[in-house]
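These are the residues of each chain, in order.
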Amino acid sequence: MIGQTDAAARKKIIVDRLMSLEEQELATAQAHYDAFLRDSQLDGREGHDKDDIAASRENADLAAAFDAPVQAHHAKIDVIENTDFSVTDTVQPGAVIRFNNRRFIVCVSTTRFDVDGQTYMGISTQSPIYLAMVGLQEGDVFTHNGTEFEVQEVL
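The rules behind the values
Residues numbered from 1 in each chain as written. Predicted model: local features only at pLDDT ≥ 70, side-chain atom pairs only at ≥ 80, totals over all residues. Heavy atoms only, no water. Pairing = 2+ DSSP bridges. Helix = DSSP H or I, 4+ residues; strand = E, 2+ residues; numbered from the N terminus. Axes fitted to C-alpha atoms, helices over the stretch in contact; angles between N-to-C directions. Salt bridge = Lys/Arg side-chain N within 4 Å of Asp/Glu carboxyl O. Buried < 20%, exposed > 50% of the residue type's maximum accessible area, 1.4 Å probe, protein only. Lys, Arg positive; Asp, Glu negative; His and termini not counted. Contact = heavy atoms within 4.5 Å. Core = buried A, V, L, I, M, F, W, Y, C linked by side-chain atoms within 4.5 Å.

Caption draft 1: Layout of the sheet that holds strand β6 (residues 147-154). One open sheet holds the six strands; their spatial order is β3-β4-β2-β1-β6-β5, and the pairing between them is mixed. Edge positions in the open sheet fall to β3 (112-115) and β5 (141-144), since each of these has one partner strand only. Taking each pair of neighbouring strands and ignoring which way they run, the sheet shows an average axis angle of 40°. Judged from the four bridges that link them, β5 and β6 form a sheet pairing that is antiparallel. In the sheet register, valine 141 faces β6, and the bridge partner there is glutamate 150.

Caption draft 2: Expanded view of the pattern of salt bridges. If you walk through the whole model with that rule in mind, you get three salt bridges. The closest approach of N and O atoms between glutamate 153 and arginine 98, which form a salt bridge, is 3.5 Å. Here glutamate 153 is found in strand β6, whereas its partner arginine 98 is found in strand β1 (residues 96-99), with 55 residues between them in sequence. According to the relative accessible area criterion, glutamate 153 is buried, its value standing at 13%. Bridged by salt links that share partners, the residues Arg10, Arg98 and Glu153 form one connected network.

Caption draft 3: Main features of unusual backbone geometry. Located in the positive-phi region is asparagine 101, a residue other than glycine, with phi close to 55°. Mapped onto the elements, asparagine 101 comes out in the loop between β1 and β2 (102-107). One non-glycine residue, aspartate 116, lies in the positive phi region at around 50°.

Caption draft 4: Expanded view of the pairing of β5. Along β5, the buried face is formed by Phe142 and His144; none of Val141 and Thr143, which line the opposite face, is buried. Counting the residues in the hairpin turn of β5 and β6 gives two residues, including asparagine 145, whose phi is positive at 50°.

Caption draft 5: Region of the structure containing the side chain of glutamate 22. Along the chain, glutamate 22 falls in helix α1 (residues 4-40). Although glutamate 22 is buried, it makes no salt bridge; lysine 76 carries the closest opposite charge, 4.1 Å away. Sequence-distant contacts of glutamate 22, that is, excluding residues within four places in its chain, are made with His73, Lys76, Ile77, Ile80, Ser109 and Thr110.

Caption draft 6: Structural context of the nonpolar core. The biggest cluster of nonpolar side chains holds 20 residues, and the ones touching the most others in it are Ile14, Leu18, Ile80, Phe85, Ile105 and Phe113. For this core, the secondary-structure elements that each account for two or more residues are α1, α2 (50-81), β2 and β3. At eight residues, the largest contribution of residues to this core is made by α1. Listed in part, the 15 residues of the second largest apolar core include Ile97, Phe99, Met133 and Val154.

Pasting the structure below:
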């Protein structure tokens, strides 16, 4: 079994990578939003033709479309900042879990990311797979979509 100090240090590295991933995603979404918003502004000259106005409106629409991802990443960062990532032996928010030889961190949904040669993925507390295993411990079995899984590790 991993010692409590080692488990906490390992978990901190995973959480730091999770936060870094979300901050990068936010920066990318914000850059797209800013670029389209900037391109939606008409210059200061008096007359603009139909093409200028159409391009401005199109860029404003695209900027508005990128506002949702910006807000979503802000919300995910807020959830990460407010989640208790203490070492635990129970599947709950903030737990790092392994089943089916895959590793997950329960907090927010993310793309896959690597930490020390291991691949992780963030899952939301609203995801069906999480809801099927909430409260379980290492060695417990749960069923999701008709398939049985064993919780191999909880950290």
